[in-house]
Amino acid sequence: MKKTVLSGVQATGSLHLGNYLGAISNWLKMQEDYNCLFFLADLHAITVDQNPADLKHSIISSAAIYLASGIDPKKSIIFPQSMVSAHSELAWIFNCVTPIGWLKRMTQFKDKAANADSASLGLFAYPVLMAADILIYKADLVPTGEDQKQHLELARDIAGVINRKCQNEIFKLPEPLITGVATRIMSLKDGSKKMSKSDAQENSRINLIDSPDVILEKIKKAKTDNIQGVSYEPETRPEIANLINIYSALTGISSEDIIAKYDSGVFSKFKMDLAEIIIDKLNPIRSEYERLMQNTDYLVDILKAGAERAEKIATKTLDEIKTSFGFVV
Ligand code: TYM
């Protein structure tokens, strides 16, 4: 029996190089060997206020990016979370068994909620919905970037609570899969902050659909330091280490070999080469994205077909849990 892989991206704004290197590029490799479900976390998107037209565009354009990156709807199930209502129902049941103390420890909530009292209840319960996303498909493996680690641990803890309550191994514990040199790509403007869709500085990230000129400009303007040459010192030169990690993730060349190639040269040459490597990688994705966005009906059809397949699996798990809890199904 093939194992099940599940992962997703929040459907807000534009997907960036961190999403690609930390998550999507790993998903591509898994499509042949596993039963894969890759969804768009649109319910997670509304944990902060969204303009409806922008949300709709984000859902469809993120689907286009999945396909343009090589996620193949013939091999993987692609769907928006909001089309499979069992995620929300299971999340409610999980809400009722998850101690508030566990959620208070979540660093993402602390980072995102400037004022905890005015943040939405949804933002606080965000990791519970994420646990439902994973466990409803009884996923074996969840490939994500580093920043999701704490949420994945919570999903395992919730699975344990349910199994103990129901005195049954309903859920296997999902394994986080956080691998490679690009599990945490940092902002191009600040090596202490991760590259993020929500960063107000557009120059802090490379969007997957940025044009070659924009990519070149962003890399040229990426923060560096006053130290001569290229060296890999994440503690003291975090911005340079980040650029080396991006170079390494895109080419498969180790950081040692990258340093050996550039250490005696001028830094601008390293940056120019890096920009070219990124452009070569993203150009085909951008042009395929543009082609797909010409026909959004086709994209919506893919999402609906994916949701239908996902729903069959999800409903089975939900019924199992409802029965265990004493609901009449
Ligand atoms: P999101 O949309 O923030 O990120 C999507 C994926 O991209 C990874 N990622 C990064 N990897 C490396 N460097 C970065 N700077 C970087 N930024 C983002 C994330 O780790 C993630 O793998 N909560 C999730 C979406 C979600 C989900 C799930 C994921 C909802 N339910 C269930 C897995 C399983 C999120 O907001 O990802």
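A quick note: this is a predicted structure, and the numbers were derived from the prediction, not measured.

(A) Layout of the packing of aromatic side chains. The tally for this structure, following the rule as stated, stands at 10 aromatic pairs. Between Phe94 and Phe171, the ring centres sit 6.0 Å apart and the planes meet at 80°, which makes this aromatic pair edge-to-face. One end of the pair, Phe94, is in helix α4 (residues 86-95); the other, Phe171, is in the loop between α8 (149-166) and β5 (175-177), and 77 residues separate them in sequence. Relative to Phe270, the ring of Tyr247 has its centre 5.7 Å away and its plane inclined at 10°; by these criteria the two rings are stacked. In this pair, Tyr247 sits in helix α10 (residues 238-251) while Phe270 sits in helix α12 (residues 267-292), placing the two residues 23 residues apart along the sequence. Accessibility expressed as a relative area gives 2% for Tyr247, which makes it buried. Ring-pair connections join several aromatic residues into one group, and the members of that group are Tyr247, Tyr262, Phe267 and Phe270. The lysine or arginine in question, Lys165, covers the ring of Phe325, its NZ or CZ lying 4.9 Å from the ring centre.

(B) Just helix α13 (residues 296-325), in detail. Given a rise of 1.5 Å per residue, 30 residues ought to cover 44 Å, and the 41 Å separating the end C-alpha atoms of α13 matches this to within 8%. The largest bend in α13 comes to about 25°, at Glu311. Buried residues of α13: Leu299, Ile302, Leu303, Gly306, Ala307, Ala310, Ala314, Thr317, Leu318 and Ile321, and no others. Immediately beyond the C-terminal end of α13, within one or two residues, lies Gly326, with a positive phi of roughly 100°.

(C) Up close: the site of the ligand. The environment of the ligand is made up of 29 residues, and the closest members are Gln10, Tyr126, Asp133, Asp147 and Ile185. A distance of 3.1 Å separates a nitrogen atom of the ligand from a polar backbone atom of Gly18. In the model, an oxygen atom of the ligand is placed 3.1 Å from a nitrogen or oxygen of the Asn19 side chain. Bound to the protein, the ligand loses 96% of the 710 Å² it would expose on its own. If you list the elements that add at least two residues to the shell around the ligand, you get β1 (4-10), α1 (17-30), β2 (35-41) and α7 (121-135). Grouping the constituent residues of the shell around the ligand by class yields 12 nonpolar, 12 polar and 5 charged.

(D) Summary view of the pattern of salt bridges. For the structure shown, the criterion picks out 17 salt bridges. Linking Lys75 and Glu32 is a salt bridge whose minimum nitrogen-to-oxygen distance equals 2.8 Å. Of the two residues, Lys75 sits in the loop between α3 (52-69) and β3 (76-80) while Glu32 sits in the loop between α1 and β2, which places them 43 residues apart along the sequence. When its relative accessible area of 47% is taken as the criterion, Glu32 is described as partly exposed. In this structure, Lys322 and Glu89 form a salt bridge, with 3.4 Å as the shortest nitrogen-oxygen distance. With a gap of 233 residues between them, Lys322 in helix α13 and Glu89 in helix α4 connect regions that are remote in the sequence. Residue class for Glu89 comes out partly exposed when judged on its relative accessible area of 36%. Connected via shared salt-bridge partners are Glu202, Arg205, Asp210 and Lys218.

(E) Structural view of the pairing of β2. With 6 of its 7 residues buried, β2 lies for the most part within the structure. Where β1 lies against β2, 7 bridges are found, and the strand directions are parallel. Bridging across to β2, Val9 finds its partner in Leu40. The parallel pair β1 and β2, bridged by α1, forms a crossover whose chirality is right-handed. Where β2 and β3 come together, 5 bridges link them in parallel fashion. Paired with Phe39 across the strands is Phe79, a residue of β3.

(F) The arrangement of the packing of helix α9 (residues 212-220) against α12 in detail. Two numbers describe how α9 lies on α12: the axes approach to 9 Å, and their chain directions differ by 150°. In the packing of α9 onto α12, the handedness of the crossing is right-handed. Mapping the contact onto sequence places Pro212, Ile215, Leu216, Ile219 and Lys220 in α9 and Lys271, Met272, Leu274, Ala275, Ile278, Ile279, Leu282, Asn283 and Arg286 in α12. Considered class by class, the residues forming the contact of α9 with α12 number 10 nonpolar, 1 polar and 3 charged.

(G) Molecular detail of α12. The end-to-end C-alpha distance of α12, which contains 26 residues, comes to 37 Å, matching closely the 38 Å that a straight helix rising 1.5 Å per residue would cover. If you look at α12, its biggest bend is around 35°, right at Leu282, and the proline Pro284 turns up within four residues after that.

(H) How the structure looks around the environment of Cys96. Relative to the helices and strands, Cys96 resides in the loop between α4 and α5 (100-104). Sequence spacing of Cys96 and Val48 is 48 residues, and the spatial spacing of their C-alpha atoms is 22 Å.

(I) Highlighting the nonpolar core. Core analysis: the largest hydrophobic core is formed by 59 residues, its most contacted members being Tyr66, Ile246, Phe270 and Ile278. Here the element with the most residues in this core is α12; it accounts for 11 residues. Counting 47 residues, the second-largest nonpolar core is a separate cluster that includes Ile93, Ala131, Leu135 and Ala314.

Conventions used here
The residue count restarts for each chain, going from 1 along the sequence in the order it is written. Owing to the predicted nature of the model, reporting of local features is limited to residues with pLDDT of at least 70; listing and counting of side-chain atom pairs is limited to 80 or more, with chain, interface and lining totals taken over all residues. Values reported for side chains reflect all heavy atoms of the structure, with hydrogen atoms and water molecules removed beforehand. For this analysis, a ring pair means two rings from Phe, Tyr or Trp (six-membered ring only for Trp) whose centres lie within 6.5 Å, classed as stacked if their planes differ by under 30 degrees, edge-to-face if by over 60, and tilted for the remaining angles. Secondary structure elements are taken from DSSP: a helix is a run of H or I of four residues or more, a strand is a run of E of two residues or more, and numbering for both begins at the N terminus. Residue exposure (1.4 Å probe, protein chains only): buried if accessible area is under 20% of the type maximum, exposed if over 50%, otherwise partly exposed. By definition here, charges over rings are those cases where NZ of Lys or CZ of Arg is within 6 Å of the ring centre and within 35 degrees of the ring normal. An expected span of 1.5 Å times one less than the residue number is assigned to each helix. Given a residue, its bend is the angle between the two axes fitted to the seven residues that end at it and to the seven that start from it. What makes a residue near a molecule or strand is one non-hydrogen atom of that residue sitting within 4 Å of it. Any pair of nitrogen or oxygen atoms within 3.5 Å is treated as a polar contact; in protein, a donor-acceptor pairing is required on top of that, and neighbouring residues in sequence qualify only through side-chain atoms on both sides. Using a 1.4 Å probe, the Shrake-Rupley method yields the accessible areas, and only the shown protein chains count as cover for residues. Nonpolar residues are Ala, Val, Leu, Ile, Met, Phe, Trp, Tyr, Cys and Pro. Charged residues are Asp, Glu, Lys and Arg, and all others, Gly as well, are polar. Only one rule defines a salt bridge in this text: a Lys or Arg side-chain nitrogen within 4 Å of an Asp or Glu carboxyl oxygen. Criterion used throughout: strands pair if DSSP finds at least two bridges between them. Classification remark: right-handed applies to a crossover when, strands pointing away from the viewer, the course from the first strand over the helix to the second runs clockwise. Only the stretch in contact is used when a helix axis is fitted, and all axes are lines through C-alpha atoms; the angle between N-to-C directions ranges over 0 to 180 degrees. A clockwise turn of the near helix away from the far one marks a right-handed crossing, whereas an anticlockwise turn of less than a right angle marks a left-handed crossing. Working rule for contacts: check all heavy atoms of both residues, and any pair within 4.5 Å makes them a contact. In this description, a nonpolar core means a group of buried Ala, Val, Leu, Ile, Met, Phe, Trp, Tyr and Cys residues linked to one another through side-chain atoms lying within 4.5 Å.

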